[in-house]
Amino acid sequence: MKKVFRTTALMAVFSMMTVGCQKEVMDTQTVVSEISSVYTVSYVIDGVPQTETLYGDDAWAMFLQRMFALVEEGHRVIFWNGTEPRTGISKEVVTYTTTSEDDAMEWAGKMANAGYEVIVEYDEKTGIFTCTAIK
């Protein structure tokens, strides 16, 4: 009886030691953030062409803000969504004027996403933004 009790007790101790030495399995979850939009924009500032890839709508909004800040500083800004150069005879020209920078930015962004080349100008004296979209 003593032998059975000692063997059982010894087995219980070894079992506890074995369980205590095992690594705990951590259930980790990886959260993947999906970028809803990728924009490859081409733009020309004072005759200097550039291309940039933007990831997400926030990056697109920041790009538009940057372009409009340059326009207000007196730079000539042209931009479009894509990398293809805009050449050939234009078929459609749409002009939009406003004193609201937010409205001009929204309009210019929509037109660029619709495949238009957008030219933005700002008249400091009148405070009017003139946006021209060419397709």
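Sequence order sets the numbering: in each chain, residues are counted from 1 along the sequence as written. Where local features are concerned, this predicted model is filtered to residues with pLDDT of at least 70; where side-chain atom pairs are given and counted, the filter is 80 or more; whole-chain, interface and lining totals use all residues. As a convention, hydrogens and water are excluded, and side-chain values are obtained from all of the structure's heavy atoms.

**Side note on helix 3 (residues 101-113)**
Phase 1: Elements are defined by DSSP. Helices are runs of H or I of four residues or more, strands are runs of E of two residues or more, and each kind is numbered from the N terminus. Every helix has an expected span of 1.5 Å times one less than the residues it contains. Under the 1.5 Å per step criterion, the end-to-end length of helix 3 is 18 Å for 13 residues, consistent within 8% with the ideal 18 Å.
Phase 2: Among all positions of helix 3, only Ala104, Met105, Trp107, Ala108, Gly109, Met111 and Ala112 are buried.
Phase 3: Among the structural elements, helix 2 (57-72), strand 3 (77-81), strand 4 (93-98), strand 5 (117-123) and strand 6 (128-134) are those in contact with the buried residues of helix 3.
Phase 4: Two residues or fewer after helix 3 comes Gly115, characterised by a positive phi angle close to 100°. Type-normalised accessible area, obtained with a 1.4 Å probe on protein chains alone, sets the label of each residue: buried when under 20%, exposed when over 50%, and partly exposed for intermediate values. Here a residue-residue contact requires only that any non-hydrogen atoms of the pair lie within 4.5 Å.

**Focus on the nonpolar core**
Phase 1: To qualify as a nonpolar core, a set must consist of buried Ala, Val, Leu, Ile, Met, Phe, Trp, Tyr and Cys residues joined through side-chain atoms within 4.5 Å. The biggest cluster of nonpolar side chains holds 26 residues, and the ones touching the most others in it are Trp60, Phe63, Met67, Phe68 and Phe79.
Phase 2: Elements that contribute at least two residues to this core include exactly strand 1 (38-45), helix 2, strand 3, helix 3, strand 5 and strand 6.
Phase 3: In this structure, Phe63 is in contact with Val41, Tyr43, Glu52, Leu54 and Phe79, ignoring residues within four places of it in sequence.

**Quick look at the pairing of strand 1**
Phase 1: Burial analysis of strand 1 places six of its eight residues in the buried class, the great majority of the element.
Phase 2: Pairing between two strands is assigned when DSSP locates at least 2 bridges connecting them. With eight bridges joining them, strand 1 and strand 2 (residues 48-55) adopt antiparallel strand pairing. Across the sheet, Ile45 pairs through a bridge with Val48, a residue of strand 2.
Phase 3: Remark: two residues form the turn of the hairpin made by strand 1 and strand 2, two consecutive strands paired antiparallel; Asp46 in that turn has positive phi of roughly 50°.
Phase 4: Sheet analysis places strand 1 next to strand 3, joined by five bridges and oriented antiparallel. In the sheet register, Tyr43 faces strand 3, and the bridge partner there is Phe79.

**Brief notes about the sheet that holds strand 3**
Sheet strands associate in pairs through backbone hydrogen bonding, adopting either a parallel or an antiparallel arrangement.
Phase 1: Taking strand neighbours across the sheet as the criterion, the six strands line up as 2-1-3-5-6-4 in an open arrangement whose pairing is antiparallel. The open sheet has two free edges, formed respectively by strand 2 and strand 4, since each of these has just one partner strand. Here the strands of the sheet are splayed against their neighbours by 20° on average, with no regard to which way each runs.
Phase 2: The axes used here are C-alpha line fits, helices contributing only the stretch in contact, and every angle between their N-to-C directions lies in the interval 0 to 180 degrees. Helix-sheet contacts for helix 2 involve strand 1, strand 2, strand 3, strand 5 and strand 6, and the interaxial angle to strand 1 is about 10°.

**As for the packing of aromatic side chains**
Phase 1: Side-chain rings of Phe, Tyr and Trp, where Trp is taken by its six-membered ring, are said to pair if the distance between their centres is within 6.5 Å; with planes under 30 degrees apart they count as stacked, over 60 as edge-to-face, and otherwise as tilted. Per the stated rule, a full pass over the model turns up seven aromatic pairs.
Phase 2: When the centroid spacing of 5.6 Å and the interplanar angle of 20° are considered together, the rings of Trp60 and Phe63 count as stacked. Of this pair, Trp60 and Phe63 both sit in helix 2, separated by three residues, roughly a single helical turn.
Phase 3: Ring geometry for Tyr122 against Phe129: centres 4.5 Å apart, planes inclined by 40°, an arrangement best described as tilted.
Phase 4: We classify Tyr122 as partly exposed; its relative accessible area is 29%.
Phase 5: An aromatic cluster is present here, built from Tyr39, Tyr43, Trp60, Phe63 and Phe79 joined pairwise through their rings.

**Structural notes on helix 2**
Phase 1: Helix length check: helix 2 (16 residues) gives 23 Å between terminal C-alpha atoms against 22 Å at 1.5 Å per residue, within 8%.
Phase 2: On its buried face, helix 2 sits against strand 1, strand 2, strand 3, helix 3, strand 5 and strand 6.
Phase 3: Backbone geometry just downstream of helix 2 places Gly74 in the positive-phi region, at approximately 105°.

**Some words on the pattern of salt bridges**
Proximity of charged atoms lets side chains of opposite charge pair with each other.
Phase 1: We count a salt bridge whenever a side-chain nitrogen from Lys or Arg sits within 4 Å of a carboxyl oxygen from Asp or Glu. The final tally for this structure, using the stated rule, is three salt bridges.
Phase 2: One salt bridge in this structure joins Arg76 and Glu121, with 3.4 Å as the shortest N-O distance. Taken as a pair, Arg76 in the loop between helix 2 and strand 3 and Glu121 in strand 5 lie far apart in primary sequence, 45 residues in all.
Phase 3: Looking at Arg76, the relative accessible area reads 40%, which means it is partly exposed.
Phase 4: A salt bridge links Glu106 to Lys110; the shortest N-O distance between them is 3.1 Å. Highlighted residues: Glu106 and Lys110, both in helix 3, separated by four residues, approximately one helical turn.
Phase 5: For Glu106, a relative accessible area of 47% gives the class partly exposed.
Phase 6: Residue Lys110 is classed as exposed on the basis of its relative accessible area of 52%.

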